[in-house]
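Tertiary structure, described
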Amino acid sequence: HMRRKEFEEAIKFLLDAIHTYDEDAVEIENAGRTTAALQVWRNLGECYTQVQKFRSAEGAFLKALQIQKDGRKLQDMAERLNLAVIGVDKPLLKLITDTSIADTICRIGKTRAAVGDHPTALDFFMQALAILHRGANNDKNLPNQELMEKRDQLTHTLYCIAEACRATNDVDKALAMYEMSIKLRNSNGADRQDKRLSTHIHCLSCHVGIGDLCSNSKAYSKAAKKFKEALSYSAINLVKESHPMVVMTRQKLKDAEEALVTAPPDDTEVAM
C-alpha cells in the first residue's frame, strides 16, 4: 500500500500490527528490541506525514526513537562488557546507528516545522547534528557506503537547520548552513564522482534556499542571480527540466525578475 501511495490503507494495517503487539505479552516484552516494531512505527510516522497528520506522525516517530535509544543503550553496554549474547537482534544494528537515529530525530523536527513550530523543529535538528558529530572520529573506519549515508544525513540535517533558521528570520545562520551543506556534499571530489540525482537535487535545493533568502531580504538582483546559478547547476548535471524542483526554480527566477522591475529605485540590496 505504501509503494502504491495508498497511505490511509497502509495506516490501517500498521495499526493492526501495533495492536497485535498489545495483545501478546511476549511481544510487548520484546518490542523494544525488535526490528519489526521499529519499522512499524517509522512506517506509520511516514504514512501520517504523507496524509498531513503531523501530530500523529510525531507520536509515531517518537515511539520509533525510543526503541532506537533503548536498543543503542543495550548494544553499547553489551559491547563495553564484551557480552554479545545480550545485545540487540542483528537486523536491528543498522537501525540504531548514529545515522539512523539522527534520521528519526530529523523526521520529528520536520513534523514540528510542518505545524509552524520552527523553534522546536530547530532544537530537534540541532540534536540530530550533535549525534552525527559524536562519532566523527570513527568515520574513517566506516565502509564507503555507510560513510556516504552519514555524509548524506549530515548535509540533509544542515539543510533542515538552514530552513528552520530562514523561517525564524536568522538570515546569517541560514546562509551559513546552506553553504556548508553544499560544501560538505561536494567535498573531497564528490562533486565529480557523486552523480546521484538525490545529490544534485540536494545542492539545487540549497542554492534555491539562498535565493529565497535574497528575495526575502528584497535583494532581488542577487536572488535572480542565485536562481540562474541554480538552473545552470541543474542543466550541467542533467537534471530534467520537467523535474518539480527545476520548474519551481524557474518560477522563482521569474518572480525575482518581476520584483526587480517593480522595486522602488532606492531599494537597498542586502549583502548576501
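Residues numbered from 1 in each chain as written. Predicted model: local features only at pLDDT ≥ 70, side-chain atom pairs only at ≥ 80, totals over all residues. Heavy atoms only, no water.

This part covers the overall build of the protein chain. A count of helices and strands for the protein chain gives twelve helices and zero strands. When the helices and strands of the protein chain are placed in sequence order, the string is α-α-α-α-α-α-α-α-α-α-α-α. Counting across all 272 residues of the protein chain, residues that qualify as buried make up 44%. Partitioning the intrachain contacts of the protein chain with sequence separation of at least 6 by distance along the chain shows that 65% fall at a separation of at least 24. (Helix = DSSP H or I, 4+ residues; strand = E, 2+ residues; numbered from the N terminus. Buried < 20%, exposed > 50% of the residue type's maximum accessible area, 1.4 Å probe, protein only. Contact = heavy atoms within 4.5 Å.)

Summed over the entire model, instances satisfying the criterion amount to 22 salt bridges. Among the salt bridges present, the one from Lys 53 reaches Glu 8, with a minimum N-O distance of 3.8 Å. Residue Lys 53 is located in the loop between helix H3 (35-50) and helix H4 (54-81), and its partner Glu 8 is located in helix H1 (residues 7-23); the two are separated by 45 residues in the primary sequence. Note on Glu 8: relative accessible area 41%, which makes it partly exposed. Residues Asp 194 and Arg 151 are paired through a salt bridge, measuring 2.6 Å at the closest nitrogen-oxygen approach. Of this pair, Asp 194 sits in the loop between helix H9 (190-193) and helix H10 (197-216) while Arg 151 sits in helix H7 (residues 144-167), and the two are 43 residues apart along the sequence. Taken as a pair, Asp 194 and Arg 151 share a single burial class, namely buried. One continuous salt-bridge network, built from bridges that share partners, spans Arg 151, Asp 152, Arg 185, Asp 194 and Arg 196. (Salt bridge = Lys/Arg side-chain N within 4 Å of Asp/Glu carboxyl O.)

We now examine H10. Compared with an ideal rise of 1.5 Å per residue, which puts 20 residues at 28 Å, H10 spans 28 Å between its outermost C-alpha atoms and is within 8% of the ideal. Looking at the residues trailing H10, positive phi occurs at Lys 218, about 65 degrees. (Expected span 1.5 Å × (residues − 1).)

For H7, which comprises 24 residues, the first-to-last C-alpha distance of 35 Å matches the rise-based estimate of 34 Å (1.5 Å per residue) to within 8%. Remark: Asn 169 follows H7 within two positions and exhibits a positive phi of approximately 65 degrees.

Turning to the packing of aromatic side chains, a few remarks are in order. Per the counting criterion, the structure on display carries one aromatic pair. Seen in terms of ring centroids, Tyr 159 and Tyr 178 are 6.0 Å apart; in terms of plane orientation they differ by 55 degrees. Their pairing is tilted. Taken together, the positions of Tyr 159 in helix H7 and Tyr 178 in helix H8 (residues 171-185) put the pair 19 residues apart, joining distant regions of the chain. The exposure class assigned to Tyr 178 is buried, which follows from its relative accessible area of 0%. (Phe/Tyr/Trp six-rings, centres within 6.5 Å; stacked < 30°, edge-to-face > 60°.)

A separate point is unusual backbone geometry. Positive phi outside glycine occurs at Lys 5, with the angle close to 65 degrees. Along the polypeptide, Lys 5 turns up in the segment before H1. Phi angles above zero are rare outside glycine, and Gln 52 is one such case at about 65 degrees. Positionally, Gln 52 belongs in the loop between H3 and H4. In this structure Gln 52 comes out as exposed when scored by relative accessible area, which is 58%.

In short, shape yes, function no, at least from these values alone.
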